[in-house]
Amino acid sequence: MTHGHHAAVTLHYQPALPIGRGKLCLWLFLSTEIMFFAGLIATYIVLRFGVPAGTWPVPHDVHLQEWIGATNTFVLICSSVTIVLALEASKQNRAGLAKFWMLLTFVLGSVFLGIKAYEYKEKFVHGIYPAKPHSRIYEKPDLYYVQGVKLTLAAQRDRLTAKQGELQQAGKSLSESEAKDLATLNNLLTNLVQWTELKAVREKDAIASRLAIDKMAKAIYPHWHIGPDGDQTRKLYVNSLEREREDIHGDLQSVAKDLQQAQEQKANLEKQTAPPQKAAELSPVPAATFVVLQNQPGASPATEAEQRSKALGELGRVQERIDMLTLEQNRMNGRLEMIKQLEEEHVVKEGLVHEYARFRLPMVIPSGNMWASTYFLLTGFHALHVLVGLIAFVLVLLYTLDHTKSHILENTGLYWHFVDLVWIFLFPLLYLF
Amino acid sequence: MAEHHPFDPRSPGHGYEAAATDQEHGHAGVGKYVAVFIALCVLTAISFAVGNSATLRHNSPGTMWAAMMAVSCAKAMLVILFFMHLLWEANWKYVLTIPSAMMSIFLLLMLIPDIGRRTDRYAEERWLYAAEPKKEDKSSPGHDQKSAHDHDHADQNAGKAKH
């Protein structure tokens, strides 16, 4: 029959590859994803190994915990297994079991994202952000850093001082904790920031002035890198505090001597400038001089007035000197108190940034900004992929997952395994390198 | 019959999956997945241990990085071959995976020496402004010996030119 003959040449769809179209599209997508993540990882490697030698932060410096990353790796591996088991169940037409495994995969993926969110929060709490307005990371200890610390502290002090003024007008005063904060802020501003600033400016030796700022940076945010070098830098830092204290004690002695001298001078001058009558009562010698001066005709009153005004000027200068020396003395005593605090075991270990977490002190983390940028970029893109996977899971879970739907499950699974694959590389690169 | 095309995923009974499972030497065993899972966990533990070894980090970080990347590659292969079923797929798998893998590896291979060996040809003046301390050649203690070595090198080149 002619009709039958015609029916025999019905055209068939001949796919180029022996796989479903969905799977083909997904594999094409994955092959672009391979290159996408390779580009990101290559960027990371360039930036990671391009920084000045030995400055890339170790995990502890940036509040990264390796075991949390390892846990997340484990969670993803588990989810990869559960989604494979879902596919197997679906192929065997066991829809209920497949749905159970899919649900478990969804839960595991959510756990991964939850842990990731916790990790991000840990960074944000400690002022580690990928960009400036929030980030408290400075790359190196220089005057800009000192300025940054000063502005941060001064802004908070000014806020509290303004509040104190307002409250005082209303007849009230700051709460106990606020008053304590204000005192602490003033203490830090004077004995840490200002001290360092003056030291850095007065020091003629450029290296010594840089070391002064470096000491402040270490006091605020120490990062004693793991290994033998860390212990050594830590010891050097503690020794430098010790040495500074000795220096200040020496300076204090000389200041005390100067002060005594100035005070003697002042006492002498006060005697000289004392009113004449009183002077006469006090001791016979000036009285005699007075008599002699009185007896000299003509010039005597003018000379006397001249001398007195000269002595008064001298007295003013001596008084100025005394004030300055007292101020210096107070400054040194304040610094000694600060050094005592800095030498405390937990402050050496954790730094002022931990001690005064509420003040949100800027910190020096060499290459820290680059670290934050790469960390948030890589994990962010990965987390975005996880999120897309979770959305896909929700859509898949709407179906009855019998054997007619196993191809959907297979494609979702392929995508999810790829997400796992990326993490397999990101985990050692970001947490262990 | 047209409605049971072998490559149509919507005809499961006669579809490629059923056909595949028949030929795939029964790969779909849960036992295999469990084995891969255990292997992945063990490998993760290994890279974790390597990455946390302070002595290795101190003495030869290069070895540490290479070891961790090797472990990662092994894990990736396990995931690709077993979880993504690539081990049992037909030859199309090479078409889609090899070009992109090659480009990725090429990118990395081009960039790593760019960074890792960027100081190799620094001039003396460049070292003054370099972001890292100058690497001293351990075999030749002094500067003179280095220039002597350069001289030898130049001689060799001259020798080659003569040939």
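Owing to the predicted nature of the structure, the values given are computational and were not obtained by experimental measurement.

Student: Describe the overall build of chain B, listing the residues and the values that go with them.
Tutor: Looking only at helices and strands, chain B features seven helices and zero strands. Along its sequence from the N terminus, chain B presents helices and strands in the succession α-α-α-α-α-α-α. Counting across all 163 residues of chain B, residues that qualify as buried make up 26%. Expressed as a percentage of contacts within chain B between residues at least 6 apart in sequence, the contacts between residues at least 24 apart total 36%. Of the accessible surface of chain B, which amounts to about 10,700 Å², a share of 64% is contributed by carbon and sulfur atoms.

Student: Please provide a residue-by-residue account of the overall build of chain A, values included.
Tutor: Broken down by element type, chain A carries 15 helices and two strands. Rg of the C-alpha trace for chain A: 38 Å, well past the compact-globule value of 22 Å for 433 residues, more than 25% over. Along the first, second and third principal axes, the C-alpha atoms of chain A reach 160 × 50 × 40 Å. By residue count, 44% of the 433 residues in chain A fall in the buried class. A sequence separation of at least 24 residues applies to 82% of the contacts in chain A between residues at least 6 apart. Carbon and sulfur atoms make up 61% of the accessible area of chain A, which totals about 22,700 Å².

Student: So what's going on with the pattern of salt bridges? Residues and values would help.
Tutor: Considering all chains together, one arrives at 18 salt bridges over all chains under this definition. The salt bridge involving Glu 119 of chain A is made with Lys 116 of chain A; its shortest N-O contact spans 3.1 Å. In this pair, Glu 119 of chain A and Lys 116 of chain A are both assigned in helix 4 (residues 95-125), three residues apart and thus about one turn of the helix distant. Exposure class is identical for Glu 119 of chain A and Lys 116 of chain A. Each is buried. Close ionic contact of Glu 345 of chain A with Arg 234 of chain A constitutes a salt bridge, the shortest N to O distance being 3.9 Å. You can see Glu 345 of chain A sitting in helix 12 (residues 345-350) and its partner Arg 234 of chain A sitting in helix 8 (residues 228-273), a full 111 residues away along the chain. Counted as one network, the salt bridges with shared partners bring together Lys 23 and Glu 410 of chain A together with Glu 89 of chain B.

Student: Which residues make up the packing of helix 3 (residues 66-91) of chain A against helix 2 (residues 30-51) of chain B, and what values do they have?
Tutor: Viewed as axis vectors pointing N to C, helix 3 of chain A and helix 2 of chain B meet at an angle of 170 degrees, and their least axial separation amounts to 11 Å. Taken as axis vectors, helix 3 of chain A and helix 2 of chain B run roughly antiparallel relative to one another. In this structure, helix 3 of chain A uses Glu 66, Trp 67, Ala 70, Thr 73, Phe 74, Ile 77, Cys 78, Val 81, Val 84, Leu 85 and Glu 88 of chain A to contact helix 2 of chain B, whose residues at the interface are Val 30, Tyr 33, Phe 37, Leu 40, Cys 41, Thr 44 and Phe 48 of chain B. When grouped by side-chain class, the residues that make up the contact of helix 3 of chain A with helix 2 of chain B number 14 nonpolar, two polar and two charged.

Student: Could you give me a rundown of the interface of chain A and chain B, with the residues and numbers involved?
Tutor: Taken together, the contact pairs 62 residues of chain A with 52 residues of chain B. Here chain A meets chain B over a buried area of about 5,100 Å², counting both sides, of which 77% is carbon and sulfur. Three residues stand out in chain A for area buried against chain B, namely Trp 27, Leu 432 and Phe 433 of chain A, and they jointly supply 12% of the buried area on that side. Linking chain A with chain B are one salt bridge, by the criterion used here. For Glu 89 of chain B, the salt bridge is made with Lys 23 of chain A, and the minimal N-O distance between the two is 2.5 Å. Across the chain A-chain B interface, the total number found is six residue pairs in polar contact (both at pLDDT 80 or more). Counting residues per element, the ones that place at least two in the side of chain A that touches chain B are helix 2 (21-50), helix 3, helix 8 and helix 15 (406-432) of chain A. Broken down by element, the side of chain A that touches chain B gets its largest block of residues, 18 residues, from helix 2 of chain A. Grouping the amino acids of the side of chain A that touches chain B by side-chain chemistry returns 41 nonpolar, 13 polar and eight charged.

Student: Help me get a handle on unusual backbone geometry, residues and values and all.
Tutor: Residue and element names in this part refer to chain A. Within the chain, Ser 367 stands out as a residue other than glycine whose phi angle is a positive 60 degrees. Its place among the elements puts Ser 367 in the loop between strand 2 (363-364) and helix 14 (368-397). The class of Ser 367 is buried, set by a relative accessible area of 6%.

Student: Would you mind going over the nonpolar core in detail, with residue names and values included?
Tutor: Residues and elements named next belong to chain A. Among the nonpolar cores identified, the biggest contains 129 residues, and Met 102, Leu 153, Ile 220, Leu 342 and Leu 352 are the most heavily contacted of them. For this core, the leading source of residues is helix 15, giving 16 residues. Once residues within four sequence positions are removed from consideration, Ile 220 is found in contact with Tyr 145, Val 149, Leu 192, Glu 350, Gly 351, Leu 352, Val 353, Leu 361 and Pro 362.

Student: Go over the side chain of Ser 90 of chain A, please, and point to the residues and values.
Tutor: Among the secondary structure elements, Ser 90 of chain A is positioned in helix 3. Look past the residues within four positions of Ser 90 of chain A in its chain and what remains in contact with it is Ala 98, Leu 401, Asp 402, His 403, Lys 405, Ser 406 and Leu 409 of chain A.

Student: Let's hear about the environment of Ala 70 of chain B: which residues, and what values?
Tutor: Residue and element names in this part refer to chain B. As for its position among the elements, Ala 70 is in helix 4 (residues 61-83). According to the relative accessible area criterion, Ala 70 is partly exposed, its value standing at 45%. Here the alpha-carbon distance between Ala 70 and Ser 47, two residues 23 residues apart in the chain, equals 9.2 Å.

Student: A description of the side chain of Thr 97 of chain B should follow, citing residues and the corresponding values.
Tutor: For Thr 97 of chain B, the position within the fold is in helix 5 (residues 92-116). Of the polar contacts made by the side chain of Thr 97 of chain B, one reaches the backbone oxygen of Lys 93 of chain B; its length is 2.5 Å. Apart from the residues lying within four places of it in its own chain, the contact partners of Thr 97 of chain B are Trp 27 of chain A together with Leu 86 of chain B.

Student: So what's going on with the packing of helix 15 of chain A against helix 4 of chain B? Residues and values would help.
Tutor: Contact geometry of helix 15 of chain A with helix 4 of chain B gives a least axis separation of 9 Å together with a crossing angle of 170 degrees. Our classification of the angle between helix 15 of chain A and helix 4 of chain B gives roughly antiparallel. Each of His 417, Asp 420, Leu 421, Ile 424, Phe 425, Pro 428, Leu 429 and Leu 432 of chain A in helix 15 of chain A lies in contact with helix 4 of chain B, whose residues at this interface are Met 64, Met 68, Met 69, Ser 72, Cys 73, Lys 75, Ala 76, Val 79, Ile 80 and Phe 83 of chain B. In the contact of helix 15 of chain A with helix 4 of chain B, the residues fall into 14 nonpolar, two polar and two charged.

Student: Outline helix 3 of chain A, supporting the account with residue identities and numerical values.
Tutor: Because an α-helix completes one turn every 3.6 residues, residues spaced three or four positions apart along the sequence face the same direction. Residue and element names in this part refer to chain A. Given a rise of 1.5 Å per residue, 26 residues ought to cover 38 Å, and the 38 Å separating the end C-alpha atoms of helix 3 matches this to within 8%. Most of helix 3 is tucked away, with 21 of its 26 residues classed as buried. Backbone geometry just downstream of helix 3 places Asn 93 in the positive-phi region, at approximately 65 degrees.

Student: A description of the packing of aromatic side chains should follow, citing residues and the corresponding values.
Tutor: Considering all chains together, one arrives at 27 aromatic pairs over all chains under this definition. When the ring of Phe 124 of chain A is compared with that of Phe 376 of chain A, the centres are 5.7 Å apart and the planes differ by 20 degrees; the resulting orientation is stacked. Of this pair, Phe 124 of chain A sits in helix 4 while Phe 376 of chain A is found in helix 14, placing the two residues 252 residues apart along the sequence. Within the aromatic cluster, the residues linked to one another by ring pairs are Tyr 120, Phe 124, Tyr 129, Trp 371, Tyr 375 and Phe 376 of chain A. Positioned over the ring face of Phe 359 of chain A is Arg 358 of chain A, at 4.8 Å from the centre of the ring. Between the NZ or CZ atom of Arg 126 of chain B and the centre of the ring of Tyr 122 of chain B, over which it lies, the distance is 4.5 Å.

Criteria and cut-off values
Residues numbered from 1 in each chain as written. Chains lettered and ligands numbered in written order. Predicted model: local features only at pLDDT ≥ 70, side-chain atom pairs only at ≥ 80, totals over all residues. Heavy atoms only, no water. Helix = DSSP H or I, 4+ residues; strand = E, 2+ residues; numbered from the N terminus. Buried < 20%, exposed > 50% of the residue type's maximum accessible area, 1.4 Å probe, protein only. Contact = heavy atoms within 4.5 Å. Areas by Shrake-Rupley, 256 points an atom, 1.4 Å probe, with all protein chains shown as cover. Rg over C-alpha atoms; globule rule 2.2 N^0.38 Å. Salt bridge = Lys/Arg side-chain N within 4 Å of Asp/Glu carboxyl O. Axes fitted to C-alpha atoms, helices over the stretch in contact; angles between N-to-C directions. Parallel < 35°, antiparallel > 145°, perpendicular 65-115°, else oblique. Nonpolar A, V, L, I, M, F, W, Y, C, P; charged D, E, K, R; others polar. Buried area = accessible area lost by both parts, 1.4 Å probe. Polar contact = N/O pair within 3.5 Å; in protein donor to acceptor, adjacent residues only side chain to side chain. Core = buried A, V, L, I, M, F, W, Y, C linked by side-chain atoms within 4.5 Å. Expected span 1.5 Å × (residues − 1). Phe/Tyr/Trp six-rings, centres within 6.5 Å; stacked < 30°, edge-to-face > 60°. Lys NZ or Arg CZ within 6 Å of the ring centre and 35° of its normal.

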